[in-house]
Amino acid sequence: MRIGLERPARLVSLLLAATAAMASITAGAVSDDDGALSADELNLMIDGPPAPEAPETITRDEGGKATLRAIRLDEPLQIDGKLDDGVYGRVDAIEGFLQQEPVEGDPTSERTEVWIFYDQTNVYISARLTDSHPERMVANEMRRDNRNIWSQNESFSVILDTFYDRRNGFLFRTNPLGALFDAQVTDEKNVNEDWNTVWAVKTARLDTGWTLEMALPFKSLRFGSTGAQVWGINFQRLIKWKNERTHLTQIPAAFDRQGLLRLSFAAALVGVETPTRATRLEVKPYATASLATNLNAEPAFDNQGDGDAGFDVKYGLTKGLTFDFTYNTDFAQVEDDEAQVNLTRFSLFFPEKREFFLEGQGIFNFGGRDNSAFGFDGPSDMPVMFFSRRIGLSSDGAVPIQAGGRVTGRAGAYSIGLLNISADAVPAFNTPGTNFSVVRLKRDIFRRSNIGLIGTFRDQNTDATGANAAFGVDGNFTFYGNLDVNTYYAQTDTPGFDRNDASYRGSVKWDADLFGFQAEHLVIDPDFNPDAGFVRRDNIRKSAGGIRKSIRPTWFEPVRKWDFEAKYDYYETAGTGFVETKTFELESRARLESGDFVNFTYSNNFEGLFEAFEISDGIFIPVGNYQFNRVRGGVWFGGHRKLSGWVGAELGSFFGGNRKELTYRGRVEVTPQISLEPNFAINWIDLPQGSFQTNLITLRGTYTVSPRTFVGALVQYNSDAGTLSTNIRFRWEYQPGSDLFFVYSDGRDTSVADRFSMLENRSLVVKFTRLFRF
């Protein structure tokens, strides 16, 4: 094993050098208006904005910056959504919402009134949302954390920057049905939608619009200190039937749907006083009972009963740092991964869904990569230094987690993430017991930038030949509101690999409303191997760029915005210079006033294969150079329609032959509580080596009894893998944070002659959890 100290020391030296360089840059920095920064401005950049003076409920300075005041209550607010408490007649509402879309800077077309209260236990957010045509309101989604709540429905959102660092926050959303959506935001762009906490919301629909009341417990938030607070805050209202998006503060149209995340544009909130003595301790035990069948196991078993128990603990080390401990962790309630068809020679990416790994997830992001699998040019090639699905999962199945601990949060200008987890050995999978450790540290600099380091270690690598370690430093800089510069350098240490094991990247992106560009250079050495992470495509040197021009055609009313974009990607094998991929792409996107949009793309592709790969059973693409042209187009039908979603087609040449694809990914509203989501992707491939067809068909059905109770079913058929699977889940959140689950799953082999009848596995699990808060 070759895990020495010289590499970590060298990387730490790089971080220290970067910190010194940042200090030097700070001393000679230039402000956004190209004037020299004053001492006060330098202090603001380093230490954060000074506390604003408190108004009655709202004031705005000459530049339009808003300061809000929360009003203290002697008695808890009655959360029923009706706004009939006497306090609403005594306290002036916060008003003055401004459009982001369709006309940046114009006042909202529908009156929007907001109140902010607090007591010893909660922060309360209330709103009266007037609508001139309430019969046109779109409200058809109640599933917790579903994106339709905020993208395809009338919705109201609040984001709280409780550390007043102007970059991180807690996000809460609802719609007229009282749906629950909560998320953590990091670095003004990364959104962890799977993070859940305890809070309450009630809504009421009126003949003049709708109203809402939220209760956000202090125990569900994190903040820097006790007593008097200065927070950042902003609100967003989406009037879906008009496609009008408004905020309390002016948000540039260039930020599009990420406008609410831009906490550097948020208002300041004063007046809140947090409890001086508030222990943050949560204990959440669970118990499960199950029946399972696995006919592929050695030996096979049928309807085998089992039971288990474990617990999670959450403790506030400080107001900003949280310690999590898990014992005998269970993820039985997690929905199955959505099936994918792979027509490339690269690995597929599946997102994390397990609750324990979701809180604080954004802190572990590295090098400017966000939480998603997709970047500027589709699937991201940038490595993931820490990918939590390496823990407790293998290609053969689930790996039991013995125990683990994690510390996440903020301390001053630092974001901190520490994790250590041990997974059991599974002899049937030839998987040894493995311990995983991760250290992540970020330091905020300037108004919206940070530098950081990361280290990962697993004492048994995926080949079980020894340990694996990875180290990296990164810098993420944002200037002028629209300019992002990201860079990183990383190395790994793996037994049997030589010194050719580094990766580095630099990228610059300007993303304004009517113009944008991006340039990127990425290198991944052949032996770069972050075994606690994920690499989609290794041993590459990539150069890429793109430019976009947008127009808002006032002369053509049906179109709100028209984008025209050109992109070019160039890949070669690192070290040898062998050209692997070249792609030139032209794309046109029209966003319609109706909420629909139309897309058309032409691409010219070159693929150089230095080794053959199997694209389907028995069909291999041989070594050689391939040039092909493709076109694709589609229409997105907005969520205000009963039948919504994406319909698209693609066709053209493909590795010496032809490929046609037809896709639909949509939603059918049966009632506001019942929905069906049929999805399919069908490929017809005709190659010199043979012809084949892939069919990926899924159907998700959901009946939402209430925002805290639902039944969902997911059926998936994948002809390429020869599988048919069913996953049915019932969830009842019988009190906030405590759940009862019933989960049924089965998998069938459809490659046999008697299709759909070959059962491989089946399980029925009942899981009970109970949250205790102290």
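In case you missed it, the structure is sitting above this.
All of these numbers come straight from a predicted model, not from anything done at the bench.

Undergrad: I would appreciate a short explanation of the overall build of the protein chain in the present structure.
TA: From N to C terminus, the protein chain includes 4 helices and 46 strands. Taking the principal axes of its C-alpha atoms as reference, the protein chain extends roughly 75 × 60 × 60 Å. Burial statistics for the protein chain: of 774 residues in total, 52% are counted as buried. Considering only contacts within the protein chain whose residues lie at least 6 apart along the sequence, 59% involve residues at least 24 apart. Accessible surface computed for the protein chain: about 32,900 Å², of which carbon and sulfur atoms make up 56%. Within the protein chain, the 102 negative side-chain charges are centred at a point lying 2 Å from the centre of the 82 positive side-chain charges.

Undergrad: Any chance you could explain empty space enclosed by the protein here in plain terms?
TA: Evaluated as defined, the whole model comprises 6 cavities of 30 Å³ or more. A volume near 280 Å³ is recorded for the second largest cavity. In this structure, the second largest cavity is lined by 20 residues; those nearest its centre are F170, Q184, I363, G409 and R410. Those elements giving two or more residues to the lining of the second largest cavity turn out to be β8 (169-174), β9 (181-186) and β23 (401-411). Across the lining of the second largest cavity, the residue classes tally to 4 nonpolar, 12 polar and 4 charged.

Undergrad: Just checking my understanding: could you explain unusual backbone geometry for this structure?
TA: Glycine aside, the phi torsion of most residues is negative, and most peptide linkages are trans. A cis amide bond links E101 to the next residue, P102, at an omega of 5 degrees. You can see P102 is positioned in the loop between β4 (98-101) and β5 (112-118). Here the residue pair E298 and P299 is connected by a cis peptide bond, since its omega of 0 degrees sits within 30 degrees of zero. Considering the arrangement of structural elements, one finds P299 in the loop between β16 (281-294) and β17 (301-316).

Undergrad: I'm lost on the sheet that holds strand β6 (residues 122-130) in this one. Help?
TA: Strand pairing in a sheet relies on backbone hydrogen bonds. The paired strands run either parallel or antiparallel. Judged by pairing direction, the sheet is mixed, and its 5 strands sit side by side in the order β3-β5-β6-β12-β11 without closing on themselves. Two strands bound the open sheet, and with one partner strand each, they are β3 (71-72) and β11 (200-206). In this structure, β11 lies alongside strand β12 (residues 209-217), joined through 7 bridges in antiparallel fashion. By the bridge assignment, K202 is partnered in β12 with E213.

Undergrad: What's the story with the packing of aromatic side chains in this structure? I'm lost.
TA: The geometry of an aromatic ring pair is captured by two quantities: the separation of the ring centres and the angle between the planes. Tallied over the entire structure, the rule returns 37 aromatic pairs. Taken together, a centroid distance of 5.4 Å and an interplanar angle of 50 degrees make the contact between F628 and F655 tilted. One end of the pair, F628, is in strand β37 (residues 624-637); the other, F655, is in the loop between β38 (643-654) and β39 (657-669), and 27 residues separate them in sequence. Of the two residues, F628 and F655, both sit in the buried class.

Undergrad: Would you take a moment to explain the pairing of strand β45 (residues 758-769) for this structure?
TA: Every regular strand shows the same layout, with side chains that alternate between the two sheet faces. Two elements, β16 and β45, share 9 bridges in a ladder whose sense is antiparallel. Bridge assignment links T293 to a residue of β45, and that residue is R762. Sheet analysis places strand β44 (residues 738-749) next to β45, joined by 10 bridges and oriented antiparallel. Paired with Y744 across the bridge in β45 is L764.

Undergrad: I'm lost on the pattern of salt bridges in this one. Help?
TA: Once the charged atoms of two side chains with opposite charge are near each other, the side chains can pair. Throughout the structure, instances matching the rule amount to 57 salt bridges. Residue K542 is joined to E520 by a salt bridge in which the shortest nitrogen-to-oxygen separation is 3.4 Å. Placement of the pair is K542 in strand β31 (residues 540-551) and E520 in strand β30 (residues 515-524), with a sequence separation of 22 residues. By relative accessible area, which is 4% here, K542 ends up buried.

Undergrad: Before we go on, may I ask you to explain a nonpolar patch on the surface in this structure?
TA: Taken together, the side chains of V670, I674, L676, L699, Y703, V705, V711, V715 and I728 make up a nonpolar region of the molecular surface, amounting to roughly 650 Å² of accessible area. Mapped onto the nonpolar patch, the elements with two or more residues apiece are β40 (674-687), β41 (690-706) and β42 (709-718). Per-element accounting of the nonpolar patch gives the leading share, 3 residues, to β41. The topology assignment puts V711 in strand β42.

Undergrad: What is the right way to look at the nonpolar core in this model?
TA: One recurring pattern in soluble globular proteins: nonpolar side chains tend to sit buried together. Among the nonpolar cores identified, the biggest contains 36 residues, and L68, I116, F156, M214 and F235 are the most heavily contacted of them. Broken down by secondary-structure element, the contributors of at least two residues to this core are β2 (66-69), β5, β6, β7 (155-161), β8, β12, β13 (227-239) and β15 (267-274). Once you skip the residues sitting within four places of it in the chain, F235 turns out to touch L68, F97, V114, I116, I125, F156, S157, V158, T246, H247, L248 and L260. Counting residues in each nonpolar core, the second largest holds 27 residues, with I391, V399, V438 and F528 among its members.

Rules behind the numbers
Residues numbered from 1 in each chain as written. Predicted model: local features only at pLDDT ≥ 70, side-chain atom pairs only at ≥ 80, totals over all residues. Heavy atoms only, no water. Helix = DSSP H or I, 4+ residues; strand = E, 2+ residues; numbered from the N terminus. Buried < 20%, exposed > 50% of the residue type's maximum accessible area, 1.4 Å probe, protein only. Contact = heavy atoms within 4.5 Å. Areas by Shrake-Rupley, 256 points an atom, 1.4 Å probe, with all protein chains shown as cover. Lys, Arg positive; Asp, Glu negative; His and termini not counted. Charge placed at Lys NZ, Arg CZ, Asp CG, Glu CD. 1 Å grid on protein atoms, 1.4 Å probe; cavity = no way out; pocket = protein on both sides within 12 Å on 5 of 7 lines; lining within 4 Å. Points joined across faces, edges and corners; volume = space filled by probe spheres on them. Nonpolar A, V, L, I, M, F, W, Y, C, P; charged D, E, K, R; others polar. Pairing = 2+ DSSP bridges. Phe/Tyr/Trp six-rings, centres within 6.5 Å; stacked < 30°, edge-to-face > 60°. Salt bridge = Lys/Arg side-chain N within 4 Å of Asp/Glu carboxyl O. Patch = residues over 30% accessible without salt bridge, like charges linked within 9 Å, V, L, I, M, F, W, Y side chains within 5 Å. Core = buried A, V, L, I, M, F, W, Y, C linked by side-chain atoms within 4.5 Å.

Shape descriptors only; they carry no functional weight alone.
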